[in-house]
Amino acid sequence: MVMAAISMNHRFHFPIYYLLGNMAAADLFAGIAYANLMLHTGPWTSTLTKEQWYIRGALIDISLTASVANLLAVAVERHQTIITMQLHSKMTKRRVVLLIVCIWAVSIIMGLVPSLFWNCECDLEDCSTVAPLYSRRFLIFWAALNLLTFFIMVAMYTRIFFYVRYQISHMSQHSSEIRHRQTVFNLMKTISIVLGAFVICWMPGLVTLLLDGLLGKASHANAYEKFCLVIAECNSLVNPIIYSLRDEEMRRTFKWILCCLCGREGDKQMELSPVEMYPPLPEEALGCVQKSEDPAVCPETNNKESSWTTPGV
């Protein structure tokens, strides 16, 4: 739904939405990879060849790495856009495509590394209990890499929050104190949701991998690693809710798509595309948002944009 909405509505043809669409693709792939894991685990594991076992694990690694890499890319894009007080990133489509290709290339490499050379086939003492053919050192590396990603995201969103709060504290001299407090509260709520979802979904799994890598069998990680994987997969479920469904324009496009699927072509309003119902904002309005120091100058523009496309919300 997210990918369809972004492709159909021209108001979403900006770098941030292309990254959100790529995140949706990664999360969809994560669901497919997890379904494949469920169909080839338990009593079916013994029927797998070594190559099939590596492929099963690689699909999970690729999808989860791509999802986390997209989260980092969105954080970097939001930081660049908001700190420079732009409505949308000035990144060209070619650079966005190159960034997306790099995300998937890194994810595929991370997924293939264990099967190609970083495994424990020649050193059984180094084998993991969570993933028996994976090297414990690789698990430590993968977990540490994801923890580093999290700390970078924390730093990015923390700077965004303090920067926006500082800017609005100066703007509040020309606007109401209630609007100032509400804007800071909304921003803090969104950042808390983003980071909270990442911590809740990923920390149990990352800690389990670290314990397994450091302690081996003494960690007893195999007893609860399946629950940690389910929680990590849930991050792919909540990503579209956090990053897309909270966007009013995205919800309107969803409604239009669902009405078309339900066969309500007879409704005159639904015969129009989302771009025709809600045409793109004029350049004057965009310039007003970018140049004005007081968000009250352009209330209509600020209301129509999502909470992640304007610096003030």
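None of the values given here were measured: they were computed from a predicted structure.

**Side note on the UniProt feature "transmembrane region" (unreviewed entry) in the protein chain**
And then number 1: Sequence positions flagged by UniProt for "transmembrane region" (unreviewed entry) are, in local numbering, residues 12–33, 53–76, 96–118, 138–164 and 184–211.
And then number 2: Note that residues 138–164 is 100% helix and 0% strand, and that its end C-alpha atoms are spaced 39 Å apart.

**Focus: the environment of Y17**
And then number 1: Of note, Y17 is situated in helix α2 (residues 15–39).
And then number 2: Accessibility expressed as a relative area gives 5% for Y17, which makes it buried.
And then number 3: Separated by 15 residues in the primary sequence, Y17 and V2 have C-alpha atoms spaced 9.4 Å apart.

**Focus on a nonpolar patch on the surface**
And then number 1: A cluster of nonpolar side chains, namely V207, L211, L214, L215, Y224 and F227, defines an oily patch on the protein surface of about 570 Å² accessible area.
And then number 2: Broken down by element, the nonpolar patch gets its largest block of residues, four residues, from helix α6 (residues 177–215).
And then number 3: Tracing the backbone through its elements, the reader meets Y224 in the loop between α6 and α7 (225–245).
And then number 4: The partly exposed category is assigned to Y224, whose relative accessible area is 31%.

**Examining the packing of aromatic side chains**
And then number 1: Inspection of every chain in the model, using the stated rule, returns twelve aromatic pairs.
And then number 2: Seen in terms of ring centroids, Y134 and F138 are 5.8 Å apart; in terms of plane orientation they differ by 80 degrees. Their pairing is edge-to-face. In this structure, Y134 and F138 share a single accessibility class: buried.
And then number 3: Site record: aromatic cluster; members linked through ring pairs are W53, Y54, W118, Y134, F138 and F141.

**Section: the state of the cysteines**
And then number 1: Enumeration over the complete set of coordinates arrives at one disulfide.
And then number 2: Disulfide pairing is shown between C120 and C127; the S-S distance is 2.0 Å. Judged by the sign of its S-S torsion, about 100 degrees, the cystine formed by C120 and C127 is right-handed. The exposure classification of C120 matches that of C127, with both residues buried.

**Side note on the packing of helix α3 (residues 50–83) against helix α4 (residues 93–116)**
And then number 1: For the pair α3 and α4, the least separation of the axes is 8 Å and the interaxial angle reads 145 degrees. As for how α3 packs across α4, the hand of that crossing is right-handed. Residues Y54, A58, D61, I62, T65, A66, A69, N70 and A73 of α3 form the contact with α4, whose participating residues are L99, I103, W104, S107, I108, M110, G111, P114 and S115.
And then number 2: When the residues that make up the contact of α3 with α4 are grouped by side-chain class, the tally is twelve nonpolar, five polar and one charged.

**Points about the side chain of E233**
And then number 1: Looking at where E233 falls in the secondary structure, it is placed in helix α7.
And then number 2: Not counting chain neighbours up to four residues away, the residues in contact with E233 comprise A30, G31, Y34, I60 and L64.

**Overview of α3**
Every α-helical turn comprises 3.6 residues, leaving residues that sit three or four positions apart pointing alike.
And then number 1: Spanning 34 residues, α3 covers 49 Å between terminal C-alpha atoms, matching the ideal 50 Å at 1.5 Å per step.
And then number 2: Of all 34 residues making up α3, 25 are buried, and the element is well covered by its neighbours.
And then number 3: Once α3 finishes, M85 follows within two positions and takes phi at roughly 55 degrees, a positive value.

**Side note on the side chain of S135**
And then number 1: Along the chain, the position of S135 falls in the loop between α4 and α5 (136–171).
And then number 2: Here the side chain of S135 touches R137 through a polar contact of 3.2 Å, landing on its backbone nitrogen.
And then number 3: Once residues lying within four places of it in the same chain are set aside, the contact partners of S135 are W118, N119, C120 and D126.

**Re α4**
And then number 1: Between the first and last C-alpha of α4 there are 34 Å, a value that for 24 residues agrees with the 34 Å anticipated at 1.5 Å per step.
And then number 2: V96, I100, I103, S107, M110, G111, V113 and P114 are the residues of α4 that are buried.

**Considering the pattern of salt bridges**
And then number 1: Following the criterion strictly, the structure yields five salt bridges and no others.
And then number 2: Put simply, R11 and E249 hold a salt bridge, and the shortest N to O gap is 3.5 Å. Placement of the pair is R11 in the loop between α1 (2–8) and α2 and E249 in helix α8 (residues 248–261), with a sequence separation of 238 residues.
And then number 3: The exposure class of E249 is buried, given its relative accessible area of 2%.

Reading the values: the criteria
- Residues numbered from 1 in each chain as written.
- Predicted model: local features only at pLDDT ≥ 70, side-chain atom pairs only at ≥ 80, totals over all residues.
- Heavy atoms only, no water.
- UniProt positions renumbered as here; feature names shortened; annotations may be inferred.
- Helix = DSSP H or I, 4+ residues; strand = E, 2+ residues; numbered from the N terminus.
- Buried < 20%, exposed > 50% of the residue type's maximum accessible area, 1.4 Å probe, protein only.
- Patch = residues over 30% accessible without salt bridge, like charges linked within 9 Å, V, L, I, M, F, W, Y side chains within 5 Å.
- Areas by Shrake-Rupley, 256 points an atom, 1.4 Å probe, with all protein chains shown as cover.
- Salt bridge = Lys/Arg side-chain N within 4 Å of Asp/Glu carboxyl O.
- Phe/Tyr/Trp six-rings, centres within 6.5 Å; stacked < 30°, edge-to-face > 60°.
- Disulfide = S-S within 2.5 Å.
- Axes fitted to C-alpha atoms, helices over the stretch in contact; angles between N-to-C directions.
- Left-handed = near helix turned anticlockwise from the far one by under 90°.
- Contact = heavy atoms within 4.5 Å.
- Nonpolar A, V, L, I, M, F, W, Y, C, P; charged D, E, K, R; others polar.
- Expected span 1.5 Å × (residues − 1).
- Polar contact = N/O pair within 3.5 Å; in protein donor to acceptor, adjacent residues only side chain to side chain.

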